[in-house]
Amino acid sequence: MTATAGKINLLGLTQTEMESFFESIGDKRFRAGQVMKWIHHFGVDDFDAMSNLGKALREKLKACAEIRGPEVVSQDISTDGTRKWVVRVASGSCVETVYIPQGGRGTLCVSSQAGCALDCSFCSTGKQGFNSDLTAAEIIGQVWIANKSFGTVPAKIDRAVTNVVMMGMGEPLLNFDNVVAAMRIMMDDLGYGISKRKVTLSTSGVVPMIDKLGEVIDVSLALSLHAPNDALRSELVPINKKYPLDVLLPACRRYIEGLGEKRFLTIEYTLLKDVNDQPEHAEQMIALLKDFPCKINLIPFNPFPFSGYERPSNNAIRRFQDLLYKAGHNVTVRTTRGDDIDAACGQLVGQVQDRTRRSERYIAVRQLGNEAEEPRNSDKRT
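Predicted model only: the values in this text are computed from it and were never measured.

J.: Give a detailed account of the nonpolar core, specifying residues and quantitative values.
T.: Formed by 103 residues in total, the largest nonpolar core has its most connected members in Leu10, Met183, Met186 and Leu213. Broken down by element, this core gets its largest block of residues, 8 residues, from helix H5 (residues 176–187). Leucine 213 has contacts with Leu173, Phe176, Val180, Met183, Leu201, Leu221 and Tyr255, leaving out every residue within four places of it along the chain.

Shown next, in the form of structure tokens:
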């Protein structure tokens, strides 16, 4: 949909914001609940379809408001049931959203930015550069689109969205206000009614915003760790140079302890062949996370063009998992899903109008590297 000048988009308003909106147009606060149910429970974007609103109010809403989700550019369905949407946001860039069904659970991986400013070395999104933050409407709009794709009433949909992970394109804590607003709608009974334990924000380690997050909301937290020491992590996750592990992990502990109940941190660790998958890395990780309430997700690397990394062997993955398990950690290996539609973890790229020109420089460097290697490879064949 194209934005209409001067109209407020109700899709991204929290309950409190929606109540304030209705007061601002001279109506009752309870209208907020009625309209939120139409939007989020029934996927309605036409005020004329809101049958419990009077005609005068519907006309007033049409004049000053709209319900506008991101434009769906394409939808792909994997052989394993994973779905991927490419949606266009107001900046003109496209971002990706992935739905992963598993048993009675449906997990939606939601993007928060067009591209990403952090440039983690093994992540395809980071190689696209950065364009813009998504608005709250563009973030919650991904949930809205996914639910609508299954039918009209989310409560009655088989395998609808039961879990949301802010693990798509972008660093959520660098788009703080919009991400928090969208997560509030996800958890609101007038929105999607998802448990706070089933809404997870994943961060690469923006320490000040982790502390700020703990002051305003109590969603689950995941840390993109990917290395057990500062030297290696600074290579893989450059923000570690600013917020090293001895600063980052205490911030995560403060957040978890501040929830006031038995909660734990999820550790995300992408396994890269001969880079961070060796027994010594597992031993370092065991020492690093000693007495830390966490569960560990090991993610075998999902290849993308010019990455320079490879997926470890199954034996190396099992060896790494066994070492952590024998040390008493709750550790799982994430099953690769949706790789046939480039929807696996680390593969999301969208179509980013890169303001940083990082993607252009990255591809040029990789191509030069490949050209330099070609003579050596040809020599070996002769």
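Now that the structure has been shown, we can carry on.
J.: Just give me the short version of the environment of glutamine 75, but keep the residues and values in it.
T.: In this fold, glutamine 75 is placed in strand E3 (residues 71–77). Taking the C-alpha atoms as reference points, glutamine 75 and valine 86, 11 residues apart in sequence, are found 6.4 Å from one another. Of the polar contacts made by the side chain of glutamine 75, one reaches the side chain of tryptophan 85; its length is 3.1 Å.

J.: Lay out the packing of aromatic side chains in plain terms, naming residues and giving numbers.
T.: Following the criterion strictly, the structure yields 5 aromatic pairs and no others. With a centroid separation of 5.2 Å and 75° between ring planes, the pair formed by phenylalanine 21 and phenylalanine 22 is classed as edge-to-face. With relative accessibility at 0%, the residue phenylalanine 22 sits in the buried group. Ring centres of tryptophan 38 and phenylalanine 42 lie 5.5 Å apart, and the angle between their planes is 45°; on these two criteria the pair is classed as tilted.

J.: Lay out the UniProt feature "active site" (unreviewed entry) in the protein chain in plain terms, naming residues and giving numbers.
T.: Feature annotation in UniProt assigns "active site" (unreviewed entry) to the following positions: Glu96 and Cys345. Residue class for glutamate 96 comes out buried when judged on its relative accessible area of 4%.

J.: Outline the pattern of salt bridges, listing residues and values.
T.: Applying the stated criterion across every chain yields a total of 16 salt bridges. One salt bridge in this structure joins arginine 197 and glutamate 261, with 2.8 Å as the shortest N-O distance. In this pair, arginine 197 sits in the loop between H5 and strand E10 (199–203) while glutamate 261 sits in the loop between helix H8 (245–258) and strand E12 (265–271), placing the two residues 64 residues apart along the sequence. Among the residues examined, arginine 197 registers a relative accessible area of 44% and is labelled partly exposed. The partner of arginine 334 in a salt bridge is glutamate 268, and the shortest N-O contact between them spans 2.6 Å. Of this pair, arginine 334 sits in the loop between strand E14 (330–333) and helix H11 (358–381) while glutamate 268 sits in strand E12, and the two are 66 residues apart along the sequence. A network of salt bridges, in which partner residues are shared, links Lys196, Arg197, Asp218, Glu261 and Arg263.

J.: If you had to explain the packing of helix H1 (residues 15–24) against helix H2 (residues 31–41) to someone new, which residues and values would you point to?
T.: Working note: a packed helix pair is described by the angle between its axes plus the distance between those axes. With their axes 8 Å apart at the nearest point, H1 and H2 run at an angle of 120° to one another. By the angle between their directions, the pair H1 and H2 is classed as oblique. Between H1 and H2 lies a crossing of right-handed hand. Residues Gln15, Met18, Glu19 and Phe22 of H1 pack against Arg31, Ala32, Val35, Met36 and Ile39 of H2.

J.: Which residues make up H1, and what values go with them?
T.: Within H1, the full set of buried residues consists of Met18, Glu19, Phe21 and Phe22. Looking down the long axis of H1, one finds its buried residues gathered within 155° of arc, a one-sided arrangement. Away from its buried face by more than 90 degrees, H1 exposes Thr16 and Ser24. Contacts made by the buried residues of H1 are with strand E1 (8–9), H2, helix H3 (55–64) and strand E2 (65–66). Remark: glycine 26 follows H1 within two positions and exhibits a positive phi of approximately 80°.

J.: Give a description of the sheet that holds E10 that names residues and reports values.
T.: Note: strands within a sheet are paired through backbone hydrogen bonds, in either parallel or antiparallel orientation. With respect to topology, 10 strands assemble into an open sheet ordered E3-E4-E5-E6-E9-E10-E11-E12-E13-E14, the strand pairing being mixed. Two strands close off the open sheet at either side, each with one partner strand: E3 and E14. The average angle at which neighbouring strand axes cross in this sheet is 20°, direction not considered. Pairing between strand E9 (residues 163–166) and E10: 3 bridges, direction parallel. Pairing of valine 165 across the sheet is with threonine 200, part of E10.

J.: Describe the pairing of E12, listing the residues and the values that go with them.
T.: For E12, the buried fraction is high: 7 of the 7 residues fall into the buried class. Burial along E12 is two-sided: the face carrying Leu265, Ile267, Tyr269 and Leu271 and the face carrying Thr266, Glu268 and Thr270 are both buried. Sheet analysis places strand E11 (residues 220–224) next to E12, joined by 3 bridges and oriented parallel. Its bridge partner being in E12, serine 224 is matched across the sheet by glutamate 268. Of the strand pairs in this sheet, E12 and strand E13 (residues 294–300) are connected by 7 bridges, and their pairing is parallel. Residue pairing for E13: threonine 266 is matched across the bridge by lysine 295. One crossover worth recording links E12 to the parallel E13 by way of helix H9 (residues 279–288), and it is right-handed.

J.: Break down the side chain of serine 132 for me, with residues and values.
T.: As for its placement among the helices and strands, serine 132 is situated in strand E8 (residues 130–133). Serine 132 sits in the buried class, given a relative accessible area of 12%. Polar contacts involving the side chain of serine 132 include one to the side chain of serine 91, which spans 3.1 Å.

Parameters and conventions
- Residues numbered from 1 in each chain as written.
- Predicted model: local features only at pLDDT ≥ 70, side-chain atom pairs only at ≥ 80, totals over all residues.
- Heavy atoms only, no water.
- Core = buried A, V, L, I, M, F, W, Y, C linked by side-chain atoms within 4.5 Å.
- Buried < 20%, exposed > 50% of the residue type's maximum accessible area, 1.4 Å probe, protein only.
- Helix = DSSP H or I, 4+ residues; strand = E, 2+ residues; numbered from the N terminus.
- Contact = heavy atoms within 4.5 Å.
- Polar contact = N/O pair within 3.5 Å; in protein donor to acceptor, adjacent residues only side chain to side chain.
- Phe/Tyr/Trp six-rings, centres within 6.5 Å; stacked < 30°, edge-to-face > 60°.
- UniProt positions renumbered as here; feature names shortened; annotations may be inferred.
- Salt bridge = Lys/Arg side-chain N within 4 Å of Asp/Glu carboxyl O.
- Axes fitted to C-alpha atoms, helices over the stretch in contact; angles between N-to-C directions.
- Parallel < 35°, antiparallel > 145°, perpendicular 65-115°, else oblique.
- Left-handed = near helix turned anticlockwise from the far one by under 90°.
- Arc of directions from axis to C-beta.
- Pairing = 2+ DSSP bridges.
- Right-handed = clockwise from strand over helix to strand, strands pointing away.

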